[in-house]
Amino acid sequence: MGDFLEQFTNKSYNEQKPKDRFLESGQESNSQEVDFEPDFFNSKIYGPVHDTMEDNSYHSRQTLRYGIVGGSLFAVAIIVFIMFNISNRVEVPDFTNHSLAEVRTWELANRISLVISSEFSLEIEEGFVISQDRAFGDIIRRGGILNLVISLGADPEEPIDLPDFTDMTIQEIRIWRNNMQAMNISINEEYSNEVEAGRFIRKEFVNRYVNLENYTRADGLLVFISQGVEEFPKNIVVQNFIGSNKDSVTQWADTNDITIIFEEETSKTVPVNNVISQSISSNERIARYTEMTVVLSLGMSVIVPDFATIPQNEARDVSGFTITIQERFHESIPFGHLISQSEPVGKELLGDSSPLTLVYSIGRPFMEDIRGQAENVLPEIFFRFTSRGANITYTVVYVNSYETRGEIVNPTRFNQWLAMEDHVNIYVSLGNLHPPPLRIPEE
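Below is a summary of the structure that appears in this document. Keep in mind it's a predicted model, so treat the numbers as computed, not measured.

Counting buried positions over the 8 residues of strand 18 (residues 354-361) gives 6, a clear majority of the element. Bridge count between strand 15 (residues 321-328) and strand 18: 8 bridges; the pairing is parallel. Among the inter-strand pairings, I325 is bridged to a residue of strand 18, identified as L358. Bridge count for strand 16 (residues 338-341) against strand 18 is 3 bridges, and the pairing is antiparallel. Within strand 18, the residue paired with S340 across the bridge is V359.

What follows is the structure in structure tokens.
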């Protein structure tokens, strides 16, 4: 303890204070020596007093550090903004005359929205771009909109003035068709003995309601162009078709491209539809597309007789016909006499069973006594009249009567001849009255 106090009495403490421990080169100490009062030794003991030094360069270094960090962040932000701005910009190509499919691919790759409109065009093919609202090289941001006009091709409803094909070659017609995009005009070539090869023969409208005045691009037109004269070698041997049927002639003609003109006539010896004669003799050589006439048999023929002279019961026995007999009422022709025949007298009919209808008279209509019969017989009775040519009508009148209900009590016409057009009232009992009392005869 004594040694400790001695440090203060002999002032060795002040000499041992580390005055220069915080001093750096060139710096002065601001610390002050502490002189202790004599009563220091009588007071409380205090801790050591430290010297402090102020570093004047600290704030400058901190400011510099913050400036460097802030400037770096700002530069990075500028670079990121520039890179983002560059990557978000798209240069617009020239899509004119490019297909819509190509533009769709570009749209997906660059995230650009397309707004499509369309119009007819003769110059731009259908499905290709006619125009765009942004010029080639313009910059558009991703997510932006590009308006395009797409071609619908040529307007099908546009009227077309047809040229005079007479003075045009086939090549000139094709060039005109392509320029007008009139692809419904079909050019057909065929052989011709009159028109020079490659020249116009005729034109035919597909629709009969279309003509030169109302023709449009959508209408069909056939243009025929000459291929000149077709020559074929005569190397086809004609067969002998006499007695053969029509099918064998047709098959041979189709195989050898021969045009057959069929004619018909009656024959008593050659069966129906078999060949009677041919215009080109057998074993003769002909070329393709040669015309040949073949005469076919219609079979035997019959002459229609006058059936007015033949009794009705003998008419069915006339040979060569299939007879159908009808009966009809007639005002003036007596019963059993001929009214008409379906074929005139003397006409030649083909075949041995030609159909023939004969109509015979059953006289005037006659109304029988139908009193006492039920009214359900009326439709059948009057149908017999009307179905055989008599226009007889009737009216049912219901009357009070003690006769059985539905019984015919008093027709206005019965047991008499009727006119061809007549009317009958039929009185039918209602059955609503009591019968009169029976009278007992007096003896």
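The discussion continues.
A few words on the layout of surface pockets. The calculated volume of the second largest pocket comes to roughly 220 Å³. Together, F329, I362, F366, M367, E368, D369, I370, Q373, I381, R384, F385 and R388 line the second largest pocket. Looking at the lining of the second largest pocket element by element, the count peaks at 3 residues for helix 8 (residues 378-386). Partitioning the lining of the second largest pocket into residue classes produces 7 nonpolar, 1 polar and 4 charged.

So, on to the sheet that holds strand 8 (residues 221-226). Strand order across the open sheet formed by 3 strands is 6-8-7, with mixed pairing between neighbours. Single-partner strands in this sheet number two, and they are strand 6 (185-190) and strand 7 (200-205). Taking the axes of each pair of neighbouring strands and ignoring which way they run, one obtains an average angle of 20 degrees across the sheet. Summarising the sheet, strand 7 and strand 8 pair through 5 bridges and their orientation is antiparallel.

Here the focus is the side chain of N274. For N274, the location among the structural elements is in the loop between strand 10 (259-265) and strand 11 (275-278). Within polar-contact distance, the side chain of N274 engages the backbone oxygen of G243 at 3.2 Å. If sequence neighbours within four positions are ignored, N274 has contacts with G243, S244, N245, V295, L296 and S297.

The next subject is the environment of F321. Looking at the secondary structure, you find F321 in strand 15. For F321, a relative accessible area of 11% gives the class buried. When the C-alpha atoms of F321 and I303 are compared, they prove to be 9.8 Å apart, with 18 residues separating the residues in sequence. Excluding residues within four positions of it along the chain, F321 makes contact with V302, I303, V304, P305, L349, D352, S353, S354 and L356.

Let us look at helix 8. What helix 8 keeps buried is the set L378, I381, F382 and F385. Buried residues in helix 8, looked at end-on, bunch into an arc of 85 degrees, giving them a common side. The exposed residues of helix 8 that point more than 90 degrees off its buried face are E380 and F383. On the buried face of helix 8, the contacting elements are strand 19 (366-367), strand 20 (391-399) and strand 22 (421-429).

Parameters and conventions
- Going along each chain's sequence as written, the residues are numbered from 1 onward.
- Given that this is a predicted model, residues contribute local features only at a pLDDT of at least 70 and side-chain atom pairs are listed and counted only at 80 or more, while totals for whole chains, interfaces and linings are drawn from all residues.
- With hydrogens and water stripped out, all remaining heavy atoms of the structure feed into the side-chain values.
- Only protein chains enter the area calculation, which uses a 1.4 Å probe; residues under 20% of their type maximum are buried, those over 50% are exposed, and those in between are partly exposed.
- The way it works is that DSSP assigns letters per residue, a run of H or I at least four long becomes a helix, a run of E at least two long becomes a strand, and they are numbered from the N terminus.
- In this description, strands pair whenever DSSP reports at least two bridges between them.
- Cavity and pocket criteria rest on a 1 Å grid covering protein atoms alone: a 1.4 Å probe that fits but cannot get out defines a cavity, protein on both sides within 12 Å along at least 5 of 7 lines defines an open pocket, and an atom within 4 Å of a point defines a lining residue.
- Grid points are joined across faces, edges and corners, and a volume is the space filled by probe spheres set on the points.
- Polarity classes work like this: nonpolar for Ala, Val, Leu, Ile, Met, Phe, Trp, Tyr, Cys and Pro, charged for Asp, Glu, Lys and Arg, and polar for all others, with Gly in that last group.
- Lines fitted to C-alpha atoms define the axes here, with helix axes fitted over just the stretch in contact, and angles between the N-to-C directions of these axes take values from 0 to 180 degrees.
- In protein, a polar contact means a hydrogen-donor-capable atom and an acceptor-capable atom, both N or O and within 3.5 Å, with residues adjacent in sequence counting only if both atoms are side-chain atoms; elsewhere, any N or O pair within 3.5 Å suffices.
- Two residues form a contact once any of their heavy atoms are found within 4.5 Å.
- What the arc covers is the set of directions going from the helix axis to the C-beta atoms.

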